[in-house]
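So you can see what is in the structure, the chains are spelled out below.
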Amino acid sequence: MREAIAKELVGAVQEIAGNGYAVTTQETTKNNGVKMIGIEIVKQGETVVPRLYVDGIVDRVKDGFMTVEDAAKKVFEMYQNSETSEIEMDVEKWIDRKFILDHVEYQLVNAERNAERLKDIPGKKIADLVAIYRVVIGLDEDGMKSYVLTNTNLASSKISLEELDEAAKKNTEKSGFSVRTMSEVMYELTGVNPGPEIEEPDGPQMYVLTNARKLHGANIMLYKEYLEIAAKKMNGDFYILHSSIHELLAVPVSTAEIEELRQMVKEVNDNEVAPEEILGYEVYRYNRETGEVEVAV
């Protein structure tokens, strides 16, 4: 039914756009194998165009909250708002060797959930995860504009895997990492100082590990020096819980029960995290003595 609505929506958008445009629908496989419906509106003479993801709009039509005609108007409005000078950049610049090396960063994904996709993408393993390489084109109020580097991109740009990894390590760290208590994070979000009397709650004190952007911040897991900062704060080994691809939660091993943490990860992933932003269901342990991260047993 969603496919039929998407097809009808394309026809309605085409009517609004007129003869100077070509409107098509594309299904895209995102992180964790999540398939999303995209609509491309190509103006005559354009070579680079945004892909508009319309799953939410299609669902509203399916559930009777929006007509196809109103949905088409919304999609075309999204297209008009996306027409910026950045979108009009020459795509050749984005796949240029120097641009890639100056803008590539790490992104952590789940190895099993992305097995098919990873056949065409360079990456390196860490526990049951894979660090892939994302080229950041730009940042604005709508988030990050970027693309995942493929083996084809790597070959055509004549970049070795060693060069790529060295550049990603340097560029990712530039965004800045943070290791803070959950109380500090909540204070930032709410503006309410929890006070020292509840700095140590009944349960184990949690720490939030992420980057300054709070986008793909789970890649802090690749930086042992920041994991050691967390270990010093917690005075020993700690468990790592994946809140999402954007941040990690950490608790001291001495104050937590592994099975309770696994259940917490499951509940958060199943009820609060978008499917394409789930990093995994495992709990990990940072071993301070070896400096390694491994799946907790």
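From a predicted model like this one, the values you see are computed outputs, not experimental measurements. Numbers given to residues run from 1 along each chain, matching the order in which its sequence is written. pLDDT decides what is reported in this predicted model: residues at 70 or higher carry local features, side-chain atom pairs at 80 or more are listed and counted, and totals for whole chains, interfaces and linings draw on all residues regardless. Excluding hydrogens and water, the side-chain values take into account all heavy atoms of the structure.

## Overview of unusual backbone geometry
Then, number 1: If you check the backbone angles, lysine 158 has positive phi at about 55 degrees while not being a glycine.
Then, number 2: Using a 1.4 Å probe on the protein chains alone, a residue whose accessible area is under 20% of its type maximum counts as buried, one over 50% counts as exposed, and one in between counts as partly exposed. A relative accessible area of 67% means that lysine 158 is categorised as exposed.
Then, number 3: A positive phi angle is found at histidine 216, which is not glycine, with a value near 55 degrees.
Then, number 4: Strands are runs of DSSP state E lasting at least 2 residues, helices are runs of H or I lasting at least 4, and numbering of each runs from the N terminus. By secondary structure assignment, the location of histidine 216 is in the loop between β9 (207-211) and α9 (224-234).

## Remarks on helix α7 (residues 161-174)
Residues spaced three or four apart along an α-helix face the same direction, because each turn holds 3.6 residues.
Then, number 1: To estimate how far a helix should reach, multiply one less than its number of residues by 1.5 Å. In a regular helix each residue adds 1.5 Å, so 14 residues correspond to 20 Å; α7 covers 20 Å between its end C-alpha atoms and thus fits that length.
Then, number 2: Along α7, the positions that sit buried rather than exposed are Leu164, Asp165, Ala167, Ala168, Asn171 and Thr172. Looking down the long axis of α7, one finds its buried residues gathered within 165 degrees of arc, a one-sided arrangement. In α7, those exposed residues whose orientation departs by more than 90 degrees from the buried face are Glu162, Glu166 and Lys174.
Then, number 3: Phi turns positive, to about 85 degrees, at glycine 176, one or two residues after α7. It is the directions from the helix axis to the C-beta atoms that the arc portrays.

## What about the packing of helix α1 (residues 2-17) against helix α2 (residues 55-62)?
Then, number 1: Fitting a line to C-alpha atoms yields each axis, with helices limited to the stretch in contact; the angle taken between N-to-C directions then spans 0 to 180 degrees. Two elements in contact, α1 and α2, have axes separated by 10 Å at closest approach and are oriented at 105 degrees. By the angle class used here, α1 and α2 are roughly perpendicular. Packed against α1, whose contacting residues are Arg2, Ile5 and Leu9, the element α2 presents Asp55, Ile57, Val58, Asp59, Val61 and Lys62 at the interface. Here the angle decides the label: under 35 degrees means roughly parallel, over 145 means roughly antiparallel, 65 to 115 means roughly perpendicular, and every other value means oblique. Contacts were defined at the residue level, with two residues in contact if any of their heavy atoms lie within 4.5 Å.

## Side note on the packing of aromatic side chains
Then, number 1: Aromatic pairing here means that ring centres of Phe, Tyr or Trp (its six-membered ring) are within 6.5 Å. Orientation follows from the plane angle: under 30 degrees is stacked, over 60 is edge-to-face, and everything else is tilted. A complete count under the given rule lists 9 aromatic pairs for this structure.
Then, number 2: With a centroid separation of 6.3 Å and an interplanar angle of 65 degrees, the aromatic rings of tyrosine 106 and tyrosine 223 are classed as edge-to-face. With tyrosine 106 in strand β4 (residues 104-110) and tyrosine 223 in the loop between β9 and α9, this pair connects stretches of sequence that are 117 residues apart.
Then, number 3: Judged by its relative accessible area of 3%, tyrosine 106 falls in the buried class.
Then, number 4: By the ring-pair criterion, three or more aromatic residues cluster together here, those being Tyr106, Tyr133, Phe177, Tyr223 and Tyr226.

## Looking at the confidence of the model for the protein chain
Then, number 1: The quantity called pLDDT is the predictor's confidence in a given residue, expressed from 0 to 100. Mean pLDDT over the protein chain stands at 86; residues scoring 70 or higher make up 88%.
Then, number 2: At the low end of the mean pLDDT range in the protein chain sits helix α4 (residues 91-94), at 74; at the high end sits α7, at 96.
Then, number 3: Throughout residues 84-89 the model reports pLDDT below 50, and contacts reaching past four residues in sequence, or to other chains, amount to 13 contacts.
Then, number 4: Throughout residues 196-201 the model reports pLDDT below 50, and contacts reaching past four residues in sequence, or to other chains, amount to 5 contacts.

## Observations concerning a negative patch on the surface
Then, number 1: The patches reported here contain residues having more than 30% relative accessible area and no salt bridge. Joining distances are 9 Å for like charges and 5 Å for nonpolar side chains (Val, Leu, Ile, Met, Phe, Trp, Tyr). Here the open area of atoms and residues is found with the Shrake-Rupley method and a 1.4 Å probe, where only the protein chains shown may cover a residue. When a carboxyl oxygen of Asp or Glu is within 4 Å of a side-chain nitrogen of Lys or Arg, the pair counts as a salt bridge. Charged-residue counts in this description rest on Lys and Arg as positive and Asp and Glu as negative, His and the chain ends being excluded. Throughout, a charge is located at the NZ atom of Lys, the CZ atom of Arg, the CG atom of Asp or the CD atom of Glu. Where like charges cluster on the molecular surface, the negative patch consists of Glu8, Glu15, Glu69 and Asp70.
Then, number 2: Sorting the residues of the negative patch by element identifies α1 and α3 (68-82) as the ones contributing at least two each.
Then, number 3: Examined against the element boundaries, glutamate 15 turns out to sit in helix α1.

## What about the pairing of strand β13 (residues 292-295)?
Then, number 1: By the bridge criterion, 4 bridges tie strand β12 (residues 283-287) to β13 in an arrangement that is antiparallel. Residue pairing across strands places asparagine 287 opposite glutamate 292, the latter belonging to β13.
Then, number 2: Here a strand pair is declared whenever DSSP counts at least two bridges between the two strands. If you look at the hairpin formed by β12 and β13, you'll find 4 residues sitting between the two strands, and glycine 291 has a positive phi there, around 75 degrees.

## Focus: the sheet that holds strand β2 (residues 35-43)
Then, number 1: The sheet built from 3 strands is open, its strands ordered β1-β2-β3 with antiparallel pairing. Only two strands of the sheet have a single partner each, and these edge strands are β1 (21-29) and β3 (51-53). Here the strands of the sheet are splayed against their neighbours by 30 degrees on average, with no regard to which way each runs.
Then, number 2: In this sheet, β3 lies alongside β2 in antiparallel orientation, the contact comprising 3 bridges. Opposite glycine 38, over in β3, you have tyrosine 53 as the bridge partner.

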